[in-house]
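Notes for the structure review
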Amino acid sequence: MNPGIGMKTVQEILVNVDKCTGCRACEMACSAFHSNPQFSSINPAKARIHVVSNELTDEYVPIFAGNHTRSGCDGRHVYTIDGKTYSECSFCRASCPTRENFIEPDSGLALKCDMCESTPPLKQPWCVEVCGEHALVYSEREVEREEPARAAPGQLEVGLQALMKQHGMEAVIARLKDIGKEK
Amino acid sequence: MRYAETGFNLEIDLTLGTVERVETELDLAGSYLGGQGSAAKLLWERVPPETDPFSPDNLLIFSTGLLHGTPLPACNRTVVNTFSPQTNLMSHSLFGGFFGPELKYAGYDKIVIRGKATDLVYLYINNDKVEIRDATHLRGKGCTETGDLLKKELKDQRIQVAAIGLAGENRVYMASIDHNHASAARGVGVIMGDKRLKAIAVRGTKAVNVARPAELFEMSQRIHQKMAGSSGCGDWMAVDEDDSFHHNHFAWGNARTRRPGYWNKELQDRWTNLKYDNMDRQTGCYNCPKKCRNVIKMPGQQRFGYKCFGKDTYHMAAFLELDFSYEILGIAQEYGVDSYSTPQVMAFALELLDAGILQDKDFPEMPEDVRGRFFYLLEKIVRREGIGDILADSVSQAARRIGNGAEAYDHNTTKKFEQLPIKLGKLNPAYFLMIATGEKMSITQIEGSFPQDPLPTEEQRQEFVNKWEAVPDEKFKDYFLNWKKRSDISDEATCDIVDWNEAMHYIDDSLGFCGFVSSFRGQFGGDVPYHMNNIPEAIALATGVAMDKPKLWKNFQRIRTLIRAVNVRRGLRRKDERPPEDHWAVRDEQYEQELLSKYYAFKGWNSEGIPTRQTLESLDLAYVADDLEQRGILDPADGGPR
Ligand code: SF4
Ligand code: SF4
Ligand code: SF4
């Protein structure tokens, strides 16, 4: 699909948790597709989709690897939906130090779903392709391209001022210098 | 690099508390495949035939299938083998779910357990980190409960757990090993309990490599799509609410009473509503597009999952309805008892009470109603309390312990193992051979590739064979085309059919495939995604080992013959190969024995059912022949019995 000027394609995977059977074919296929050479090895721990499953609570939630965060959550949230309680990280896509999901087991690097980007593009992502129950459904839609968001003026200043207020100016400058050296 | 398999076994000695990672011999000929094939080899080599099943020297082996962890769908059956105190023969059992693939991702093909711990322990496997840990805090915990507690304790929800419940802890012969609403029965849970091993928790984050990636993935996706869109595989009982077949034809109670015409529309509607009103969802096993397990949550009760005939056994044994099975299954599953044999043991006990062989005093404070009685017996059995201690040894052994005529009520066992409660009119030759000679103890572990019944018209038969891809040889099409009446089939065809049925099970159970997509399912519709014509290619693409149909067939024969030798060495003989006397109303002893002799000859076994030296040598099993001769089981002069 070739988006017109001012248009872009949004790729979506629609997840229906009620349809999920917990088979983890999606994990298998994702890891196979992203192995090198392609399909040469299978390792669900390297998949960019994980199915949070618990047969005791009847919880089956496929989640996709989102952004990486270097700090874990201190507060957690537990959702109850339709009388069913989900485990605390069920709906979170982050790869974070709190849990093992979406951390490449060999390198420790974060994994992120890339929608199976490839050239030429696939008809649909592999996890969707193997989901026999259609718990995962792929769709594309055109949306108007928004103007690139301008850096909000003063945002950095606000953040720095807050830090200085909390830790003092010297401490913040010293830490910034250290970080500069570490990099 | 080794493909498909990891090349390593875990050797655990629970007496010494040691853990070893042992590289396995590279078997490029693929002689024993994996799963039960290579497990049988270990049992042959390492457990002398005089070993008591309760001896620390008995091994308990958890095997992955050769193709577990590859992209091939529905390849997830974990195989458990040991020697059973019930039969004194090799135990063979399987469970679905996620355990086997996870074990492979942890880097192991098998867990081989010997010795006994002094008190309950569990095994924790996290890739290279393997520990035997105290499990006394899990004493008495249910099977799924144990899994849940371990996941919390180890802070990892992705751990896969196989555990025993109270029944296994108390060495109940019907004890199962449970994992994710799936269970392995037939003599393995009792040995896990005897070894004081409460559970195994596995987590693996390593890769399984395959030899020819692109081709294998393409093949896997083709099969995956066929499975997803086909009604020819998976468990049709998960979706077909008409269960008249089992209720009208199988026997109720202690495998005694048939109730033809039991099923009706009103009942079906009521039971269908009961199911769908209380079903959370249907779940599947690792990397399979089917969903065979019904997950039920009755208000105020434990959630449980069941497959197949497992939903009928309790209420049929008790002459009750489906709601009773739904009530007891969740509890029985947490205690970890086999849902096929346990209800028969209970019905047997109540029959003995009716017959006056057991007395009221043997059942102190037992409720009057049958519902209450079954719950009472379940509690007694899993705790081995009072009469429960005797019943926990299974029907056949309990009958002998009770004596006083109780033996006559042990009427549905073969090789001391409870059979499906089937009582029919006239002998069916293929089924006679399968029940008689099957060493996996249950007919469902042997039957399955060739249809159970002929089709009525020539057109229907022709249409069936036209799309029958699974046949290993064209002769099976001829057999089917010319088959008009169930019992009217040549002995030669019968032997071939039984052989093919067996072959697929021995292959599935060595590779790790689920019977619902292969060995068990072809009998209903013929349209299975895995069969003799594509499995060789799957093995070749995954492992890089050259494989074709004749070679795979020979592997089946080798594994099957080795298992027979393992059992022969422990005393299995012709006299043990009898279906229950009342399995068919009309029996023809002379014909049965003739047919059995023909089958033995067809298999290359002597008149006692012992593989001859010639047969063994042709399957590269000369070492087995040497051993059997040394023990005086085979006569070097004629290959016959001494
Ligand atoms: S879209 Fe592709 S990369 Fe993302 S989870 Fe699915 S298979 Fe993996
Ligand atoms: S493939 Fe589909 S049904 Fe299976 S676990 Fe993934 S999302 Fe669920
Ligand atoms: S066919 Fe059914 S039982 Fe077999 S692997 Fe698939 S879901 Fe499990």
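Look up a bit, the structure's there.
The present account deals with the structure reproduced in this document.

Scoring rules and cut-offs
Residues numbered from 1 in each chain as written. Chains lettered and ligands numbered in written order. Predicted model: local features only at pLDDT ≥ 70, side-chain atom pairs only at ≥ 80, totals over all residues. Heavy atoms only, no water. Near = heavy atom within 4 Å. Nonpolar A, V, L, I, M, F, W, Y, C, P; charged D, E, K, R; others polar. Salt bridge = Lys/Arg side-chain N within 4 Å of Asp/Glu carboxyl O. Helix = DSSP H or I, 4+ residues; strand = E, 2+ residues; numbered from the N terminus. Buried < 20%, exposed > 50% of the residue type's maximum accessible area, 1.4 Å probe, protein only. Core = buried A, V, L, I, M, F, W, Y, C linked by side-chain atoms within 4.5 Å. Contact = heavy atoms within 4.5 Å. Patch = residues over 30% accessible without salt bridge, like charges linked within 9 Å, V, L, I, M, F, W, Y side chains within 5 Å. Areas by Shrake-Rupley, 256 points an atom, 1.4 Å probe, with all protein chains shown as cover. Buried area = accessible area lost by both parts, 1.4 Å probe. Polar contact = N/O pair within 3.5 Å; in protein donor to acceptor, adjacent residues only side chain to side chain. Pairing = 2+ DSSP bridges. Axes fitted to C-alpha atoms, helices over the stretch in contact; angles between N-to-C directions. Expected span 1.5 Å × (residues − 1).

A short note on the site of ligand 3
- The environment of ligand 3 is made up of N76(B), R77(B), G234(B), G284(B), C285(B), C288(B), K290(B), C292(B), K307(B), C514(B), F516(B) and V517(B).
- Class assignment of the residues belonging to the shell around ligand 3 gives a composition of six nonpolar, three polar and three charged.

Comments concerning the pattern of salt bridges
Residues and elements named next belong to chain B.
- What the rule picks out here adds up to 72 salt bridges over all chains.
- Between R139 and D119 there is a salt bridge, with the nearest N and O atoms lying 3.0 Å from each other. With R139 in the loop between β8 (129-134) and α3 (143-153) and D119 in the loop between β6 (110-114) and β7 (121-126), the pair connects residues that are 20 residues apart, well separated along the chain.
- Looking at R139, the relative accessible area reads 41%, which means it is partly exposed.
- Taken together, the shared-partner salt bridges connect K415, E439, D499, E502, R560, R564, E577 and K603 into one network.

So, the nonpolar core
- Within the largest apolar cluster, 189 residues are counted, with the highest numbers of intra-cluster contacts made by F62(B), L67(B), I111(B), I125(B) and I200(B).
- Here this core takes ten residues from helix α18 (residues 491-511) of chain B, the largest share from any one element.
- In this view, I125(B) contacts L10(B), L103(B), A106(B), Y108(B), I111(B), V130(B), I200(B), A201(B), V202(B) and R203(B); residues no more than four positions away in its chain are not counted.
- Core analysis: the second largest hydrophobic core is formed by 17 residues, Y60(A), C113(A), M115(A) and Y138(A) among them.

Quick word on a nonpolar patch on the surface
All names here are of chain A.
- A cluster of nonpolar side chains, L156, L160, L163 and L176, forms an exposed patch at the surface whose accessible area comes to about 370 Å².
- Residue contributions to the nonpolar patch peak at three residues, all from helix α3 (residues 155-167).
- Its location among the elements puts L163 in helix α3.

Some details on the interface of chain B and chain A
- On the chain A side, the residues contacting the 41 residues of chain B number 37 residues.
- Approximately 3200 Å² of surface area, both sides summed, lies buried where chain B meets chain A, with 50% of it carried by carbon and sulfur atoms.
- Inspection of the region where chain B meets chain A yields six salt bridges.
- Of the charged contacts, one joins K291(B) and E133(A) as a salt bridge, the two residues approaching to 3.1 Å between their closest N and O atoms.
- For the interface between chain B and chain A, the tally reads 14 residue pairs in polar contact (both at pLDDT 80 or more).

A word on the sheet that holds strand β3 (residues 60-63) of chain B
Residues and elements named next belong to chain B.
- Across the sheet, six strands lie side by side as β2-β1-β6-β3-β4-β5; this open sheet has mixed pairing. Lying at the two open borders of the sheet, with one neighbouring strand each, are β2 (18-23) and β5 (90-95). Averaged over all adjacent pairs, the angle separating strand axes in this sheet is 15 degrees, with direction ignored.
- In terms of strand pairing, β3 meets strand β4 (residues 78-83) through three bridges, oriented antiparallel. Looking at β4, one finds that S63 is bridged to V79.

A closer look at helix α12 (residues 370-383) of chain B
All names here are of chain B.
- Relative to the 20 Å expected for 14 residues at 1.5 Å per residue, α12 spans 20 Å between its end C-alpha atoms, a close match to the ideal helical length.
- The element α12 is largely enclosed, with a buried count of ten among its 14 residues.
- Regarding α12, the residues found buried are G372, R373, F374, F375, Y376, L377, L378, K380, I381 and V382.
- Of the residues trailing α12, R384 is marked for its positive phi of about 50 degrees.

So, the sheet that holds strand β18 (residues 304-306) of chain B
All names here are of chain B.
- The strand order β16-β17-β18 describes an open sheet built from three strands, whose pairing is antiparallel. Bordering the open sheet on either side are β16 (279-283) and β18, each of which pairs with just one other strand. For this sheet, the mean inter-axis angle between neighbouring strands, taken without regard to orientation, is 25 degrees.
- Sheet topology note: the β16/strand β17 (residues 293-296) ladder contains four bridges and is antiparallel. The residue bridging Q282 from the neighbouring strand is N294, located in β17.

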